[in-house]
Amino acid sequence: MGDLSGVALVTGASTGIGRHLVEGLAARGMAVAGLARGEDRLRTAMDEVAAATGGRTLAVAADVTDRASVEEAVGVVREELGPIALLVNNAGLIDEFEVPVWEADPDQWWDVVSSHVRGALLTVRTVVPWMVLRNSGRIVNLASGMGTRGAPDYSAYSVAKTGLMRLTESLAGALEGSDVRAFDVAPGVVDTPMTRSMHVWQGFTDWTPPEKVVELVAAIAAGELDQWSGRFVRAGKDDLDVLRATTPADAARQLRLQPYGDTDPLA
Ligand SMILES: NC(=O)c1ccc[n+]([C@@H]2O[C@H](COP(=O)([O-])OP(=O)(O)OC[C@H]3O[C@@H](n4cnc5c(N)ncnc54)[C@H](OP(=O)(O)O)[C@@H]3O)[C@@H](O)[C@H]2O)c1
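Conventions and cut-offs
- Residues numbered from 1 in each chain as written.
- Predicted model: local features only at pLDDT ≥ 70, side-chain atom pairs only at ≥ 80, totals over all residues.
- Helix = DSSP H or I, 4+ residues; strand = E, 2+ residues; numbered from the N terminus.
- Expected span 1.5 Å × (residues − 1).
- Buried ≥ 20, exposed ≤ 12 C-beta atoms within 10 Å, placed from the backbone.
- Arc of directions from axis to C-beta.
- Contact = placed C-beta atoms within 7 Å.
- Pairing = 2+ DSSP bridges.

- The chain is annotated in an unreviewed UniProt entry as Short-chain dehydrogenase from Blastococcus aurantiacus.

So, in structure tokens, the structure goes:
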């Protein structure tokens, strides 16, 4: 399966989707650095993936919301593995209390937003300048359907994922004309510690196979979906061959206001 090369940095790599991504990218030939806060679980996960795939992995413990620790972690990755070709912003939290906005604990609420938005901002500002210098690289931000509409019980998460989509679009726009690209990848509904903690998914069985997320991210890493830069693709629903053959136009798969009709002055 070794059809990829170069170095990937995956945040939130110690469990769930991040761990699946590390495994899938390592199995396809990338050297993969995994980042998360809890060092023991991260190290164990990276060692297990290396043993299972025969690939090269590296554990860099850090909090994505902490500027100094992100800068240090990225420095270690560059030193140990080389320049980063693929950055996957996957780390992030979900609302701990499933309550309406006005009942939310402001600190916990803000921590959720920060984990997705400040986290991605800090990795982007540390990794992307090097990609721009090399005129090569891809950034994947883990998106969600909850970023495309309000979510009454998960308002922080919804705000965070909407913000992250805006960050992707702004980043892709600023990178236009270069060979560095940025994408929103929605993973579907994957069976992970996060989804297991959410009441909306209790009793749910139609999980998206994690391999679908891996396939999509691997195709992005291979440069097969570059025309989707700045846009939203969805594992388990989007067909890879259709995505490869399609060039989206206008604001397809981007967040916009819907006009109320032909007479809408904002249309
Ligand atoms: N699962 C789904 O169906 C689904 C659907 C849509 C979108 N997503 C998105 O996909 C991503 C992964 O989801 P998941 O379900 O795999 O989540 P998860 O099971 O909760 O795993 C989250 C990972 O992120 C790490 N993490 C959390 N906060 C961090 C921080 N501040 N700094 C560094 N690492 C941090 C965690 O490790 P530590 O706690 O040790 O740091 C863990 O490795 C998230 O962005 C999520 O919003 C998931």
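Having seen the structure, we can now continue with the description.
1. Details of helix H2 (residues 39–53)
1) Next: With 15 residues, H2 ought to run about 21 Å at 1.5 Å a step, and its terminal C-alpha atoms sit 21 Å apart, in line with that.
2) Next: Turning to H2, its buried residues are Leu 42, Ala 45, Met 46, Val 49 and Thr 53. Buried residues of H2, viewed axially, fall in a sector of 95°; they line one side. The exposed set on the far side of H2, more than 90 degrees from its buried face, consists of Asp 40, Asp 47 and Ala 51.
3) Next: Where H2 is buried, its residues contact helix H1 (16–27), strand S2 (31–36) and strand S3 (57–61).
4) Next: Among the residues trailing H2, Gly 54 stands out with phi positive, at a value near 75°.

2. What about the pairing of strand S4 (residues 84–89)?
On any regular strand, side chains alternate: one points to one face of the sheet, the next to the other face.
1) Next: Extensive coverage of S4 is indicated by the burial of five of its six residues.
2) Next: Where strand S1 (residues 7–11) lies against S4, four bridges are found, and the strand directions are parallel. Bridge pairing in S4 places Ala 8 opposite Leu 86.
3) Next: Note that S4 and strand S5 (residues 137–142) share four bridges and pair parallel.

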